[in-house]
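A closer look at the structure
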Amino acid sequence: MSQTTETSASDGPEVSGSVAAAARGPIAAEPTDGEGSGRWSVGHIPGEAGIWIFILGDMTLYAALFGSFIYDRSAHVEQFNTSSATLHTAFGMVNTLLLLVSSISVVYGIRSVREGLNPKRAPLFFKLAFLCALGFVVNKFFEYSDLLHNQLDPTENTFYTYYYILTGIHLTHLLAGMAVLVFLWKVAAKPKIAAPDIRAMESGASFWHVVDLLWIVLFPLLYLVS
Amino acid sequence: MFATAKTAATPVFAILVIATLISYSVGAEHGVDNNRVATVLVLTIAFAKAYMVGLYFQELRHAPLWLRTLFRGWCLVGWTAVVGIYLLG
């Protein structure tokens, strides 16, 4: 334990065995900026390799949907512009900011645990990320309610079909991500954190950032393209 | 808290927030008169933001070359396809 920080030893979870040894190593420490230096020359996969197969597959599916949306838009420009104008852009922007705050919170949470900077605070970062995600869901609820109140449902036209499919799939990802955030804060609150825990946390964090990343592209595509 | 925030991800977060506000200003508030220019700008900012999230939040800048290449490829192909189809449409 001597290699972990004093904070982790006294205030936060105990970072066990191999993690303590690797506290400044390839699993536990934040990679340095020198991509080609030392042991980082071979690189570090954030989390499990398997999660990246899922993430890249997911991103590819979304990329196809982005392309399909913009292609169909070219055939219904007037309809897409008119329909897009009925969306509340401010809702979309606030949701973007909420996801950005949640993402940086997760970055800080992972750093807190992995580097033993202030492990006791790590669960707080994940709770903040969860609250931001909850804010997104509430926002989306009001947005859907408003549209449906005005009879703008998925069958209204091609734009709204895309809108509900794209945001619906994203919302499903976000809800799954919220479960991941709960997992992250539970693990961060454990009295003893082992190397596999860190790797699992990195996998969860990578998934959460994808939720943010996809929304970053979805927001302008649906709300701002004209 | 300050030690935790001492990472390249912190200034990147600030850039992402500013970029979001710029996109909103350009796209929603019609900060640029030409719609096509505004849209290309907004989409380019979006994919640049996604790229930064991957590199700095997901820490892909330290990932093995194959993973970085796949991610960069997604960003490049995605941006080219979306902007290209938009301009050709």
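It should be emphasised that the depicted structure is a prediction, and the values quoted were computed from it without experimental measurement.

Points about the overall build of chain B
Summing up its helical and strand segments, chain B has 4 helices and 0 strands in all. Sorting the 89 residues of chain B into buried and exposed places 48% on the buried side. Contacts spanning at least 24 positions in sequence make up 59% of the contacts within chain B whose residues lie at least 6 apart.

Thoughts on the interface of chain B and chain A
Across the contact, 45 residues belong to chain B and 53 residues belong to chain A. For the pairing of chain B and chain A, the buried interface totals around 4300 Å² over both sides, and the portion due to carbon and sulfur atoms is 73%. Together, Gln 58, His 62 and Trp 74 of chain B form the three largest contributors to the area buried by chain B at its contact with chain A, with a combined 17%. Where chain B touches chain A, the interface holds 1 salt bridge. Residue Arg 114 of chain A pairs with Glu 59 of chain B through a salt bridge whose shortest N-O separation is 2.7 Å. Elements supplying a minimum of two residues to the side of chain B that touches chain A: α1 (2-5), α2 (9-27), α3 (35-57) and α4 (65-88) of chain B. For the side of chain B that touches chain A, the element with the most residues is α3 of chain B, which contributes 11 residues.

Some details on empty space enclosed by the protein
By the definition in use, this model includes 4 cavities of 30 Å³ or more. The space that makes up the largest cavity amounts to roughly 90 Å³. Along its surface, the largest cavity is lined by Pro 46, Val 106, Val 107, Ile 110, Arg 114, Glu 202, Ala 205, Ser 206 and His 209 of chain A together with Phe 57, Gln 58 and Glu 59 of chain B. Residue assignment for the lining of the largest cavity shows that the elements contributing at least two residues are α5 (89-114) and α8 (195-224) of chain A. When its residues are assigned to classes, the lining of the largest cavity shows 6 nonpolar, 3 polar and 3 charged.

Points about the environment of Tyr 86 of chain B
Locating Tyr 86 of chain B in the fold gives a position in helix α4. Placed 50 residues apart in sequence, Tyr 86 of chain B and Arg 36 of chain B show a C-alpha to C-alpha distance of 8.7 Å. Every residue in contact with Tyr 86 of chain B, bar those within four places of it in the chain, is listed here: Ile 70, Arg 73, Val 225 and Ser 226 of chain A together with Asn 35, Arg 36, Thr 39 and Val 40 of chain B. Polar contacts involving the side chain of Tyr 86 of chain B include one to the main-chain carbonyl oxygen of Ser 226 of chain A, which spans 2.7 Å. Within the local environment of Tyr 86 of chain B, its side chain forms a polar contact with the side chain of Thr 39 of chain B, the two groups lying 3.3 Å apart.

Let's talk about the environment of Ala 38 of chain B
Residues and elements named next belong to chain B. Checked against the element boundaries, Ala 38 lands in helix α3. The exposure class of Ala 38 is buried, given its relative accessible area of 5%. A sequence separation of 13 residues divides Ala 38 from Ser 25, and the C-alpha atoms of the two residues are 9.8 Å apart.

Re the confidence of the model for chain A
Residues and elements named next belong to chain A. Confidence in the prediction for chain A averages 85 pLDDT; 82% of positions are at 70 or higher. Put simply, helix α1 (residues 6-10) is where chain A has its lowest mean pLDDT, 38, and helix α7 (residues 158-188) is where it has its highest, 97. Across residues 1-13, where pLDDT falls below 50, the model places 29 contacts with residues more than four positions away in sequence or in other chains.

Definitions and limits used
Residues numbered from 1 in each chain as written. Chains lettered and ligands numbered in written order. Predicted model: local features only at pLDDT ≥ 70, side-chain atom pairs only at ≥ 80, totals over all residues. Heavy atoms only, no water. Helix = DSSP H or I, 4+ residues; strand = E, 2+ residues; numbered from the N terminus. Buried < 20%, exposed > 50% of the residue type's maximum accessible area, 1.4 Å probe, protein only. Contact = heavy atoms within 4.5 Å. Buried area = accessible area lost by both parts, 1.4 Å probe. Salt bridge = Lys/Arg side-chain N within 4 Å of Asp/Glu carboxyl O. 1 Å grid on protein atoms, 1.4 Å probe; cavity = no way out; pocket = protein on both sides within 12 Å on 5 of 7 lines; lining within 4 Å. Points joined across faces, edges and corners; volume = space filled by probe spheres on them. Nonpolar A, V, L, I, M, F, W, Y, C, P; charged D, E, K, R; others polar. Polar contact = N/O pair within 3.5 Å; in protein donor to acceptor, adjacent residues only side chain to side chain. pLDDT = per-residue confidence, 0-100.

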